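Structural overview for review
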Amino acid sequence: KLPRRKPRWNPPPFWLEYKNKYPDFNLQPCLFLERRGIDNPSDEGTACDKRKADYTCTIGSQECAASELGLNTQIHPERVCKCDVESKMLTCSDWEPCDAEDQLPAVTEPAPEVVDCPAGPFVTTESDDDASCKDLKFMCEYPLVHWYKEGCGCGCEPKAGTLIHETCPVEMPETGELCRVADTCKYDESCCCGECWQPTRCTCENGHFDCETMLPGCIHPCEPGDGCGGAEDKPCQAGLQCVDDSSDSCNPLDGDADCAGICVLDSCPEEDAGFTYVHIDIFECESTPYKCASDEEAWSQEQCGCGCKKASPVVANDVGVVDPLSLGHADCPATSHEAMDEQLCLVDLNCSWGEEICCGKTHKSFRCMCDAGEQFGCMYTDACMMPYCADNCPADEPNEGDTCESSDFGGWWDWMTQTVGKCKYGNALDCSCSVEPMPHEKECQCVDDTWTCKTTGCGDICVEIAVDFLVDGTEGSYCGTDFPCNEGFECVDDPDDGCDPIAGAVDCGGYCAPTPAFDIDPMPAEPVPVTECPMQKPQLGDSCAVEHVCTYGTTCGCGDDKQATFECMNGSFELSPLSLMTFCLGPTCPEDDRNFPWFLEGKTCQESGGLGEDCHCSCGAPCGPDYWCECTDDGTYSCRKMNNHNLMCACAAPPVEYSVTVDEDGNVVEEEPVVAEIGTCPDAPPTTGTECDMPNHRCGYDEVCGTNTTSYVCNQWNKQWGQLETWIPDCPPPV
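All residue numbers refer to positions counted from 1 along the written sequence of the respective chain. Restriction of local features to residues with pLDDT of at least 70 applies here, the model being predicted, together with a cutoff of 80 or more for giving and counting side-chain atom pairs; totals for whole chains, interfaces and linings are based on all residues. Only hydrogens and water are removed before side-chain values are computed, so all heavy atoms of the structure are retained for them.

So, on to a negative patch on the surface. A patch is a set of surface residues, each over 30% in relative accessible area and not in a salt bridge, joined within 9 Å for like charges and within 5 Å for the nonpolar side chains Val, Leu, Ile, Met, Phe, Trp and Tyr. Under the convention used here, a 1.4 Å probe and the Shrake-Rupley method define accessible areas, while residue burial counts only the protein chains that appear. Throughout this description, the term salt bridge denotes a Lys or Arg side-chain nitrogen within 4 Å of a carboxyl oxygen of Asp or Glu. Just so you know, the count uses Lys and Arg for positive and Asp and Glu for negative, and it drops His and the chain ends. Just so you know, the charge point we use is NZ for Lys, CZ for Arg, CG for Asp and CD for Glu. Together, Asp266, Glu270, Glu271 and Asp272 give the surface a local cluster of negative charge. Strands are runs of DSSP state E lasting at least two residues, helices are runs of H or I lasting at least four, and both sets are numbered from the N terminus onward. Mapping Glu270 onto the fold places it in the loop between strand S20 (260–265) and strand S21 (275–279).

Here it is in structure tokens:
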């Protein structure tokens with residue numbers, strides 16, 4: 001949406017010389033007076049232009065030499081009007097440059113500017129000659145970046161905000177971070193045989209941290225097999241535990257005292273947990289059969305040995321020796337964790353556990369199946385990963401305030417529109433300014449067992465925000481396609497508008513600046529291929545002879561700081577495929593968002609406002625604008641996207657263990673989905689983190705102009721209340 005074209009204003013002959021002589025008085029044309037039909041305002045009492053303040057404007061023109069002003073022009077204004085900042089009123093007077101002294105305050109020459117050159121830790125200067133810096137090629141070691149300043153030269157310095165460690169940080173630093181630390185910093189913990197140490201060491205070398213991890217495991221493993229216990233109660237060395245020696249006739253389980261034992265690793269099964277040891281040598285376990293009691297089953301573990309443990313009854317052969325094939329599943333295990341072991345199924349089994357609640361129904365969330373003689377194969381059902389509750393929408397559109405069952409729509413998320421699922425009625429709106437996808441004429445949500453409906457029109461979506469900026473072709477005014485600069489001015493790129501022609505952007509806007517008296521061509525007549533990465537980001541097609549990639553900007557940066565990688569292909573710079581790879585999880589950059597409102601960003605504003613509609617991840621909370629353009633203190637718009645639509649939302653519960661029904665043949669009986677039992681919303685807003693009995697249910701509070709502005713959701717993952725984002729709507733003015 002382009003700003004409306006204003007009538008072109010042709011500056012008078014004296015305009016540029018007066019602006020240069022009096023730069024502190026913000027000279028402006030009195031166009032707003034002429035548009036109001038005021039050709040000769042009174043000395044006092046005429047209102048200023050409310051959009052501006054602290055300025056002086058001129059009216060009319062007269063001809064005289066006025067050599068005492070030191071100007072070349074012989075055309076001067078007839079009257080000058082000064083706007084008072086506090087009263088917002090003009091004070092006007094006649095301008096007599098030929099017969100009287102200058103009526104404007106004397107211009108004081110500015111003091112010579114003192115050049116403040118970069119300085120501080122890790123700041124280096126490659127050259128103090130500005131001219132040589134244009135052709136100087138040098139690299140800055142990460143995280144240092146290039147700097148150039150007129151009158152100072154060029155070099156390397158830490159990027160703004162870079163942390164320089166003066167002492168060992170609490171958290172382990174990344175290799176390459178800046179530091180000035182003399183000590184060796186130690187991190188992590190590794191323990192062996194009861195002794196612990198910190199294996200990761202970070203040293204500050206040449207101003208950068210260099211971290212390495214030494215061997216974290218046991219260099220000399222703890223040696224099991226020594227005797228322990230007995231009448232002397234002999235202990236094991238650190239890292240070992242004492243278990244009963246089953247090879248002797250002394251058994252503490254039979255009430256015997258002072259039994260001798262054997263030392264095994266601390267990581268091995270404990271006798272207190274119901275484990276008994278037969279052999280501590282795993283090879284002896286495989287070569288020597290042993291028998292367990294009828295109510296026990298055999299166990300074995302690498303580096304620990306084998307023995308018996310309490311378990312469900314198992315099948316034994318005629319001599320009572322455990323048959324490994326008998327240790328299997330004859331029925332569905334009580335929990336899904338038991339199905340994840342390595343035991344075989346003795347019969348065909350189809351088992352399910354857990355629950356997921358969505359669209360008012362309960363589904364099983366985890367399933368394991370196996371054939372006789374095979375192990376279980378398991379998977380999540382993801383029954384509520386993409387629930388579609390539109391089938392529960394009433395055929396006839398409901399009215400605002402009608403009762404409904406919120407549980408019938410629990411977990412509904414529209415993946416196509418990336419919004420909370422809604423029941424839609426009427427036709428889809430076709431609004432030219434709306435951010436896709438288009439909403440319907442009427443959309444309803446069941447919140448707190450009550451229908452909340454919204455009837456929309458294009459006027460509700462296309463929020464008009466006043467835009468007012470200068471496009472008259474003079475110095476500082478906007479320029480671009482269809483908006484040329486006046487003679488004597490040229491259109492230069494605006495570095496703050498997010499549109500960078502160097503990065504390949506087209507149709508970028510800018511501002512009018514005086515045309516230089518002569519052109520400076522920094523490039524040689526014949527392009528000379530560069531053999532090292534340039535200090536500044538190259539342009540596509542620049543001549544090169546670089547054998548490695550050149551990377552500029554920072555990871556996940558935006559605008560001028562956006563990371564770009566170039567490769568020298570066939571003698572010219574081209575964008576590398578690495579530039580297309582990103583590992584950032586945050587919101588995309590504005591320049592990558594085709595819907596971002598660039599026509600407002602940085603432009604003059606009067607009030608804040610929103611554009612589009614966004615219900616992303618609200619889980620029933622009121623929808624807000626997709627973009628919010630804030631009218632900042634400097635009087636310009638700063639826009640941002642309200643939410644990151646790359647993030648996925650889910651309201652399903654994790655697997656919850658519960659018993660299953662099995663028929664006489666050992667097969668699981670599939671249960672019909674049952675309607676979930678849902679509690680009711682509290683009368684007052686619940687406390688975040690307290691227990692709730694309404695899985696995936698939302699309750700609204702704090703009504704503002706007919707809309708619940710605060711919503712709480714009962715989280716199915718932890719069965720606790722959580723508060724969603726609070727949104728204050730723009731209420732219509734009272735009638």
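On to the packing of aromatic side chains, then. Put simply, two rings from Phe, Tyr or Trp (the six-membered ring, in Trp's case) pair if the centres are within 6.5 Å, and we call them stacked under 30 degrees between planes, edge-to-face over 60, tilted for the rest. Applying the stated rule across the entire model yields 14 aromatic pairs. Here the aromatic rings of Phe14 and Tyr18 are separated by 5.2 Å at their centres, their planes lie at 65°, and the arrangement is edge-to-face. Neither residue differs from the other here; Phe14 and Tyr18 are each classed as buried. Each ring, one from Tyr701 and one from Tyr712, has its centre 5.8 Å from the other, and the planes form 75°; the classification is edge-to-face. Separated by 11 residues along the polypeptide, Tyr701 in strand S45 (residues 698–704) and Tyr712 in strand S46 (residues 707–715) bring together distant segments of the chain. Working definition: with a 1.4 Å probe on protein chains only, accessible area under 20% of the residue-type maximum means buried, over 50% means exposed, and in between means partly exposed.

With that settled, the discussion passes to the pairing of strand S43 (residues 627–631). We call two strands paired when DSSP finds no fewer than two bridges between them. Of the strand pairs in this sheet, strand S42 (residues 609–611) and S43 are connected by 3 bridges, and their pairing is antiparallel. Counted as the bridge partner of Gly609 is Cys629 from S43. Where S43 lies against strand S44 (residues 637–641), 5 bridges are found, and the strand directions are antiparallel. For Trp628, the partnering residue across the bridge sits in S44 and is Arg640.

As a further point, take the sheet that holds strand S3 (residues 56–59). The 5 strands lie next to each other as S1-S3-S6-S7-S2, forming an open sheet whose pairing is mixed. A single partner strand is all that each edge strand has here, and the edge strands are strand S1 (27–29) and strand S2 (44–47). Recorded for the sheet is a direction-independent mean angle of 40° between the axes of neighbouring strands. Pairing geometry for S3 and strand S6 (residues 79–83), over 4 bridges, is antiparallel. Its bridge partner being in S6, Thr58 is matched across the sheet by Val80. Only the stretch in contact is used when a helix axis is fitted, and all axes are lines through C-alpha atoms; the angle between N-to-C directions ranges over 0 to 180 degrees.

All right, on to the sheet that holds strand S19 (residues 240–244) then. The strand order across the open sheet built from 3 strands is S18-S20-S19, with neighbouring strands paired in antiparallel fashion. At either end of the open sheet lies a strand with only one pairing partner, and these are strand S18 (227–229) and S19. Each strand axis lies, on average, 55° off the axis of its neighbour in the sheet, ignoring direction. As paired strands, S18 and S20 are joined by 3 bridges and run antiparallel to one another.

Moving on to the side chain of Ser127. By the element assignment, Ser127 lies in strand S8 (residues 124–127). If we ignore the near neighbours within four places in the chain, the residues touching Ser127 are Ser132, Cys133, Leu136, Cys152, Gly153 and Cys154. Contact between two residues is taken to exist if any of their heavy atoms lie within 4.5 Å; hydrogens are not considered.

According to the stated counting rule, one finds 4 salt bridges in the structure shown. A salt bridge links Arg180 to Glu166, with the nearest nitrogen and oxygen atoms 2.4 Å apart. With Arg180 in the loop between strand S12 (178–179) and strand S13 (185–187) and Glu166 in the loop between strand S11 (164–165) and S12, this residue pair connects regions lying 14 residues apart in the sequence. Judged by relative accessible area, Arg180 falls into the partly exposed class, the value being 44%.

The backbone of Cys359 sits at a positive phi, close to 50°, despite the residue not being glycine. Within the secondary structure, Cys359 is located in the loop between strand S27 (356–358) and strand S28 (361–363). By relative accessible area, Cys359 is classed as buried at 11%. Even without being a glycine, Asp382 presents a positive backbone phi close to 50°. As for its position among the elements, Asp382 is in the loop between strand S30 (377–380) and strand S31 (413–414).

None of the figures reported here should be taken as evidence of function without further support.
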